[in-house]
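# Residue-level structure breakdown
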Amino acid sequence: MIERSQAIAALAHDEFDVVVVGGGITGAGVALDAATRGYSVALVERADYASGTSSRSSKLVHGGLRYLQNFDLGLVREALLERQLMVALAPHLVKPLPLVVPAFEGAHPDRLVGVGLNLYDVMARDRDRRRRSESWSPERHRIISGEEVVELLPALAGREPTSGYLFYDCQTDDARLVLTVLGEAERFGAVCANRLDVTGLLERAGRAQGVEVRDVESGERFELRAANVVNATGVWADRLSPQELHDEADLPRIRPSRGTHVTLRHEDLPLVGGAIVPAGAGRTIFALPWLGHTLVGTTDNDYEGPLEHIQPSGEDVDYLLEAINAFFGTELGPAQLTGAYAGVRPLISTGDPKKSVDISRKSELYETSSGMITITGGKLTTWRRMAKMTVDRLVERDARDAPCRTHEIPLGQAIAVEDLPRVEGVPEGSYQALASRYGHAAREVLALAGERGTHGGTPHVGGQASELAQPIVAGLPDLLAEAALAARQEQARSIGDVLLRRTRLGLLAARELTGAPAPTVRGERGSDLQPAPVRRVGEVMARELHWSGERLELEIARFAEEAAAEGIAGGGERGEDARPAATPEPSPMP
Ligand SMILES: Cc1cc2nc3c(=O)[nH]c(=O)nc-3n(C[C@H](O)[C@H](O)[C@H](O)COP(=O)(O)OP(=O)(O)OC[C@H]3O[C@@H](n4cnc5c(N)ncnc54)[C@H](O)[C@@H]3O)c2cc1C
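Overview of the structure.

The rules behind the values
Residues numbered from 1 in each chain as written. Predicted model: local features only at pLDDT ≥ 70, side-chain atom pairs only at ≥ 80, totals over all residues. Heavy atoms only, no water. Core = buried A, V, L, I, M, F, W, Y, C linked by side-chain atoms within 4.5 Å. Buried < 20%, exposed > 50% of the residue type's maximum accessible area, 1.4 Å probe, protein only. Helix = DSSP H or I, 4+ residues; strand = E, 2+ residues; numbered from the N terminus. Contact = heavy atoms within 4.5 Å. Patch = residues over 30% accessible without salt bridge, like charges linked within 9 Å, V, L, I, M, F, W, Y side chains within 5 Å. Areas by Shrake-Rupley, 256 points an atom, 1.4 Å probe, with all protein chains shown as cover. Salt bridge = Lys/Arg side-chain N within 4 Å of Asp/Glu carboxyl O. Near = heavy atom within 4 Å. Polar contact = N/O pair within 3.5 Å; in protein donor to acceptor, adjacent residues only side chain to side chain. Nonpolar A, V, L, I, M, F, W, Y, C, P; charged D, E, K, R; others polar. Pairing = 2+ DSSP bridges. Phe/Tyr/Trp six-rings, centres within 6.5 Å; stacked < 30°, edge-to-face > 60°. Lys NZ or Arg CZ within 6 Å of the ring centre and 35° of its normal.

One finds Ile 495, Leu 499 and Val 537 to be the most contacted residues of the largest nonpolar core, which totals 71 residues. Of all the elements, helix H13 (residues 480–489) adds the most residues to this core, at seven residues. If near-sequence neighbours (up to four positions away) are discounted, Val 537 is found in contact with Ile 472, Leu 480, Ala 483, Ile 495, Val 498 and Leu 499. Core analysis: the second largest hydrophobic core is formed by 45 residues, Ile 25, Leu 43, Ala 90 and Leu 93 among them.

The following block contains the structure:
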């Protein structure tokens, strides 16, 4: 990405066709779509890219079997087709994942689930024969034996499942997907900067002509001039420029709904595929393999607290652990958590008191009298369709002839792990992780990891591996070189940017980063009670961003505050907002 100060200089001085407010998946998608149709595009993000909902999802690129029961057929069909397209456009980042609905004691797998899966298969079928032959398409769902269930879900061995349904969806790293889409948008000329808060609209003769911006780092303000303004602020969509929004009758009212996830060591709950886990009162949750760990979630409750840092609720953490223990026959407790996180869905209120689980995940586009376009709702999976809808509207308004192209624009470039150069000191397990995260750009991380010189005050002598080749947390694949790359090329500005979003260590190694007591289970990790990884990342960033010693200490303290505010160690807040998980009408559908 362009260096942040250069991006800001361009944003303050140039005039753009479109300014996109919000650097989550929706804003990133709009920026890419508009840029590829020939618009000059600016994108501004108040905090960090993907720091809102787009780093806090279940990481599934899926149709959403559950939405079938609400008869959201259009949404499911659209999402299923997008799922296939994403695998074709970003095969390194969006990968097929087998999912299992197990059955026990000789019982036939639930027939209603089978009916849903049949419909899912039919709806996933791409009628375009050319696309079908070129890209991944899932096998039809089928019934598998108890042994096959255990192969995919080793954690279930003790319960001796007798059969199960096997079907497919896809999985990604949500924050990396956002960064990848933004990278492509920049390749087509978009100018993006984070830590820029939009504080108001610039209007001329009642028409939006840009936005007022405050640089959160320097406190400076400037006007960003653009012929069109797109509000892609997710759960904040009804808070941007309230003056304007409140004049309009048919504007979105966002009803935030919180979802909590926890992560566990693979050894504590080993999974090869995902499991659909009953969680009481007809509700189900997912247990998924993710980045070498197990990811468990989610819940779905109305949320009224502050939106800046969403804490996992303690009751939700307990609820998830209880469901997992009951299903897998385990005795996992808070001491075994490797991390926890929560996010809020930008659901659009219909005015009726439906439970949030029953509110549609459809996206909506609103155009207000100033011409500002607001796009919100939707899902991670459907970002491209949301972007297309938004830019189609701009094109229509401008009477341009500029069809959408994002269905044919690769997102990054996949690379085979064997084609990555081996670098002294880099653990073998890191290569696959780098290839999946960066695709071809993993070579740049490895080039940094191979750099000789003085790193962290430890001078290099010939033959010694670079400090940047080392893992940030012992035993995990993420390298210190990634912190350097994030600061140099991905506008990472804080230690949290690196640990929570450029890598996902904040979600998977929270104890090592916060100094919280280590898990009681024995393993390679867990002995390092000092958050030394945080300091090491800080030192690498300090060199890249020219932080003074004092600034480095401040940034380390800031990360501790952020980690506590985010509740990544999984202690969970308990209180008014932390009501137990929602209990919708019983349904066996995952
Ligand atoms: C628990 C949970 C699980 C989910 N699981 C899945 C899943 O598995 N699959 C799936 O497809 N979908 C899933 N979703 C839905 C999906 O994550 C969201 O629909 C999507 O991430 C929303 O993206 P967004 O860009 O619209 O919003 P956000 O990611 O929140 O982005 C909005 C951005 O706008 C910025 N912003 C706000 N105000 C301003 C301002 N004034 N100036 C500048 N910037 C501003 C914010 O900082 C933020 O970064 C899940 C959601 C949740 C909560």
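Next comes the rest of the account.
On to a nonpolar patch on the surface, then. A cluster of nonpolar residues, Phe 71, Leu 73 and Leu 119, forms a patch on the protein surface that exposes about 310 Å² of accessible area. Structurally, Phe 71 is set in the loop between strand S3 (60–61) and helix H3 (73–89). Since its relative accessible area comes to 68%, Phe 71 is described here as exposed.

Turning to the site of the ligand, a few remarks are in order. Not every one of the 37 residues close to the ligand is listed here, only the nearest: Thr 26, Glu 45, Ser 54, Leu 60 and Thr 381. A distance of 2.7 Å separates an oxygen atom of the ligand from a polar side-chain atom of Thr 26. Glu 45 is positioned with one of its side-chain polar atoms (N or O) 2.7 Å from an oxygen atom of the ligand. Protein contacts shield 96% of the accessible area of the ligand, which totals 1,000 Å² for the unbound molecule. Put simply, the parts of the chain that give the shell around the ligand at least two residues each are helix H2 (25–36), strand S8 (196–204), strand S11 (254–265) and strand S16 (337–348). Partitioned by chemical class, the residues of the shell around the ligand number eleven nonpolar, 19 polar and seven charged.

In this section: the pairing of strand S12 (residues 274–278). With four of five residues buried, S12 is to be regarded as a mostly interior element. Sheet topology note: the strand S4 (residues 95–103)/S12 ladder contains two bridges and is parallel. Pairing of Leu 99 across the sheet is with Gly 274, part of S12. Where S12 meets strand S13 (residues 284–290), four bridges bridge the pair, whose relative direction is antiparallel. Across the sheet, the residue bridging to Ile 276 is Phe 286, located in S13. Hairpin geometry of S12 and S13 is characterised by an intervening segment of five residues between the two adjacent antiparallel strands and by a positive phi of about 90 degrees at Gly 280.

With that settled, the discussion passes to the side chain of Thr 36. Inspection of the secondary structure puts Thr 36 in helix H2. On the accessibility criterion, Thr 36 (5% relative accessible area) is buried. Engagement of the side chain of Thr 36 in a polar contact is seen with the backbone oxygen of Asp 33, the distance being 2.8 Å.

With that out of the way, let us pick up the packing of aromatic side chains. Going through the model one piece at a time under the given rule, you end up with three aromatic pairs. Where Phe 104 meets Phe 327, the ring centres are 5.8 Å apart and the plane angle is 80 degrees; that geometry is what we call edge-to-face. Of this pair, Phe 104 sits in the loop between S4 and helix H4 (111–124) while Phe 327 is found in helix H9 (residues 314–328), placing the two residues 223 residues apart along the sequence. The pair Phe 104 / Phe 327 is uniform in exposure class, with both members buried. Aromatic pair Tyr 120 and Phe 167: ring centres 6.1 Å apart, planes at 85 degrees, arrangement edge-to-face. Of this pair, Tyr 120 sits in helix H4 while Phe 167 sits in strand S6 (residues 163–171), and the two are 47 residues apart along the sequence. Comparing Tyr 120 with Phe 167, the two get one shared label, buried. By the ring-pair criterion, three or more aromatic residues cluster together here, those being Phe 104, Phe 327 and Phe 328. Stacked on the ring of Phe 104, the Lys or Arg Arg 159 has its end atom at 3.8 Å from the ring centre.

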